[in-house]
Amino acid sequence: MKNLDSVFVAYMIGWGIFFLFSLSVAKRAAGLKAELARLQERLQDSARQGK
Amino acid sequence: MAKTGVYTFLVCALMCGAAYAAFFRAPDEATMHLVQRIFYLHAPSGMTSLAAFLVSFIGSVTYILTRKPKWDWLAVSAAEVGLAFCTVVLITGPIWAKPAWGVWWAWDARLTSTLVLWMLYVAFLILRTMIEDSDRRALVSAFFGVFAFLDVPLVYGSIWWWRMQHPQPVVFTSTGLDPTMRKVFNLSWLSLTCLMALLIRQRYELESSREELRTIEQELEAN
């Protein structure tokens, strides 16, 4: 079982990078979604006030 | 949304299957033994990163020709995903090289050109943060994306053109791999290609939401 640690570390780091990247995209998307909802609400408010 | 969830689940299942096959189904390699199993993550990640950079190149060229923002979104999404895969290649390579070659790194043509490729796409992403105007940013980064892609054929061809430290190709040759090793390799490659498609799609949707946000901001300013 020589070098099992190297194989294990390589897979952990590789999968970790994919996971972190996916997480960072999901986090950025959630932030944008919240911002979008806030702005849409503001847009609707200003449209109502305009009427 | 449910469709994306099913696809994400399938990609995770494929990746787990590929890892299981790499650890428990692939035969032991005669000279390197256990450490050779890094190959099933390292080589498919490298090939997938080149595929992502090709998608980015297509996005850049099409943006230059059509000036439609969706191609710029594709270019940046694929570049970011390709960079993630290229990072995996540059980290798993030295972890494999140390027990196999006795050194972490060698200034071999394949290794050096891959490092240059990684730096070029990091520069591509940094460049995008430095330009405010979205049309100008898209055009400048599209030209830079075309330039960065010039290194991809060099990375691919380096092991065919120069015989140095990195092993000769085994994937696109008829005799290079044991049939079971080839099956495991193909499964790993498939799983990472599906992951690449999923990540590019997620990243593309992010760019699309950004555009929606800009449109609403402009509408609010106009009001």
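Everything here concerns the structure above.
In this text, all values refer to a predicted model and were calculated from it rather than measured experimentally. (Residues numbered from 1 in each chain as written. Chains lettered and ligands numbered in written order. Predicted model: local features only at pLDDT ≥ 70, side-chain atom pairs only at ≥ 80, totals over all residues.)

Outline the overall build of chain B, listing residues and values.
Each helix and strand in chain B was counted, giving 7 helices and 0 strands. The linear arrangement of helices and strands in chain B, starting from the amino end, is α-α-α-α-α-α-α. By principal-axis analysis of the C-alpha atoms, chain B measures approximately 70 × 40 × 30 Å. Here chain B holds 223 residues, and the buried ones make up 37% of them. A fraction of 76% describes how many contacts in chain B between residues 6 or more apart in sequence connect residues 24 or more apart. (Helix = DSSP H or I, 4+ residues; strand = E, 2+ residues; numbered from the N terminus. Buried ≥ 20, exposed ≤ 12 C-beta atoms within 10 Å, placed from the backbone. Contact = placed C-beta atoms within 7 Å.)

Describe the environment of Arg110(B), naming the residues involved and giving the relevant values.
Residues and elements named next belong to chain B. Mapped onto the secondary structure, Arg110 falls in helix H4 (residues 109–130). It is 6.2 Å that separates the C-alpha atoms of Arg110 and Ile159, two residues lying 49 residues apart in sequence. Setting aside anything within four residues of it in sequence, one finds Arg110 in contact with Val155, Ser158, Ile159 and His166.

Which residues make up the environment of Asp5(A), and what are the values?
Tracing the chain through its elements places Asp5(A) in helix H1 (residues 4–50). Placed 33 residues apart in sequence, Asp5(A) and Arg38(A) show a C-alpha to C-alpha distance of 48 Å.

Please give an account of the interface of chain A and chain B that cites residues and values.
Taken together, the contact between chain A and chain B spans 27 residues of the former and 31 residues of the latter. Split by residue class, the side of chain A that touches chain B holds 16 nonpolar, 6 polar and 5 charged. (Nonpolar A, V, L, I, M, F, W, Y, C, P; charged D, E, K, R; others polar.)

Talk me through the environment of Trp96(B); I want residue IDs and the actual numbers.
Looking at where Trp96(B) falls in the secondary structure, it is placed in helix H3 (residues 69–101). Using a count of 22 C-beta atoms within 10 Å as the deciding quantity, one classes Trp96(B) as buried. Sequence-wise, Trp96(B) and Met32(B) are 64 residues apart; in three dimensions their C-alpha atoms are separated by 9.7 Å. Ignoring anything within four residues of it in the chain, the contact list for Trp96(B) reads Ala10(A), Val35(B), Ile38(B) and His42(B).

Go over H4(B), please, and point to the residues and values.
Residues and elements named next belong to chain B. Taking 1.5 Å per residue, 22 residues should reach 32 Å; H4 reaches 31 Å between its end C-alpha atoms and fits that length. Every buried residue of H4 is accounted for by Arg110, Leu111, Ser113, Thr114, Leu117, Leu120, Tyr121 and Phe124. Packing partners of the buried residues in H4 comprise H3, helix H5 (134–149) and helix H6 (151–161). (Expected span 1.5 Å × (residues − 1).)

Can you tell me about helix H1 (residues 2–25) of chain B, naming the residues and giving the values?
Residue and element names in this part refer to chain B. Across its 24 residues, H1 extends 33 Å between first and last C-alpha, which sits within 8% of the 34 Å expected from 1.5 Å per residue. Burial in H1 covers these residues: Val11, Met15, Ala18, Ala21 and Ala22. The inward-facing, buried residues of H1 abut helix H2 (39–66) and helix H7 (179–222).

Please provide a residue-by-residue account of the packing of H3(B) against H4(B), values included.
Packed helices, taken two at a time, are described by their axes: the angle between them and the distance between them. Residues and elements named next belong to chain B. At a closest axis distance of 10 Å, the pairing of H3 and H4 adopts a crossing angle of 145 degrees. By crossing handedness, the relation of H3 to H4 is classed as left-handed. Together, Val76, Ala79, Glu80, Gly82, Leu83, Cys86, Thr87, Val89, Leu90 and Gly93 of H3 and Leu111, Thr114, Leu115, Leu117, Trp118, Tyr121, Val122, Phe124, Leu125 and Arg128 of H4 make up the contact between the two elements. Along the lines of polarity and charge, the residues of the contact of H3 with H4 split into 14 nonpolar, 4 polar and 2 charged. (Axes fitted to C-alpha atoms, helices over the stretch in contact; angles between N-to-C directions. Left-handed = near helix turned anticlockwise from the far one by under 90°.)

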